[in-house]
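Residue strings, one per chain:
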Amino acid sequence: MDLKDSLSRFKQQQERCQSSLASLALNSKPKHRAQPINAPSVPARPSQPIKFSNDTERLQHINSIRKSPVGAQMKLVIELLYKTRQAFTAEQINEATYVDIHGNKAVFDSLRNNPKVHYDGRRFSYKSKHDLKGKDQLLVLIRKFAEGLPVVEVKDAYPTVLEDLQALKAAGEVWLLSNMDSQEDIVYPNDPKAKIKVDDDLKLLFREIGLPRDMVDVEKELQKSGIKPMTNTAKRRAAAQIDGVKPKPKAKKKQREITKRTKLTNAHLPELFENLNN
């Protein structure tokens, strides 16, 4: 019993000694490193002169941004969100663009209500019309629009969407055509189920259809079908006659039989006739 008591007292003394040594070590730690008496004194390094020009230019730049119209500040923020495709807090946007969202209620409200911006209560991020992450999701979306999907609606979905559209076209998954009226590209799904075999009689009937030789007649036929011609040959010829310029008569060409090399109309839609002669 005496031995156990002695051991416990010895452990307590050791603990007290260790705590005392630790406190002494902390109190005796020098605040400044001592320098030898005979050591040569090192001259103090001269501080670099403060340049006010760069800081002044930066402040002027920040001031010009924050005094710019709301639309200009929104453009800076939306460009940041579009290029990075990341979510930013108001403080991070301020660091990147100098647009103070918290300090300008008009900018904050405009961004929060902008259809291209998603705000979750803390962070701002870019929002496209269709939330797509890659080529597979793009193809799934296109197949939902049998009558065509304007490319402008998906071109900002993700950075490489235009390259993926070209890749899908090259793979035969989609048709990528131009609308002659709106000058916009339209993408159509190339559903394998829609591929049909064309009878030889139908192919022959197509080849036997006569096409007008004069552009005026071509334009009239287009108008009958409800298609607006891109040219007005009659008006151009009338203007040429008024100016005294006589149009050169076209030499009559010998009518040739339609072959595989014959150039047909609708040349701007080659995809529609690629299987014609199969």
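Residues numbered from 1 in each chain as written. Predicted model: local features only at pLDDT ≥ 70, side-chain atom pairs only at ≥ 80, totals over all residues. Heavy atoms only, no water.

1. Notes on the overall build of the protein
- Scanning the protein from N- to C-terminus turns up 10 helices and 6 strands.
- Out of the 278 residues in the protein, the part that is buried amounts to 21%.
- Restricting the contact set of the protein to residue pairs at least 6 apart, pairs at least 24 apart contribute 51%. (Helix = DSSP H or I, 4+ residues; strand = E, 2+ residues; numbered from the N terminus. Buried < 20%, exposed > 50% of the residue type's maximum accessible area, 1.4 Å probe, protein only. Contact = heavy atoms within 4.5 Å.)

2. Re the pairing of strand 3 (residues 123–126)
- Two strands pair when backbone bridges link them, and strand 1 (residues 88–89) and strand 3 are joined in this way by 2 bridges, in the antiparallel orientation. Residue pairing in the sheet places phenylalanine 88 in a bridge with phenylalanine 124 of strand 3.
- Here strand 2 (residues 117–119) pairs with strand 3 via 3 bridges, running antiparallel. When the bridges of strand 3 are listed, histidine 118 appears paired with serine 125.
- What sits between the antiparallel neighbours strand 2 and strand 3 is a turn of 3 residues, in which glycine 121 has the positive phi angle 100 degrees. (Pairing = 2+ DSSP bridges.)

3. A word on the sheet that holds strand 5 (residues 174–178)
- Taken in spatial order, the 3 strands make up an open sheet running 4-6-5, and their pairing is antiparallel. Every interior strand has two partners, whereas the edge strands, strand 4 (149–150) and strand 5, have only one.
- Pairing between strand 4 and strand 6 (residues 185–189): 2 bridges, direction antiparallel. Bridged to proline 150 within strand 6 is isoleucine 186.
- In this fold helix 6 (residues 135–142) packs onto strand 4, strand 5 and strand 6, with an angle of close to 85 degrees to the strand it touches most, strand 6.
- Sitting on the sheet, helix 7 (residues 161–170) touches strand 5 and strand 6, and the angle it makes with strand 5 is about 115 degrees. (Axes fitted to C-alpha atoms, helices over the stretch in contact; angles between N-to-C directions.)

Functional significance is not addressed by these values, which are geometric in nature.
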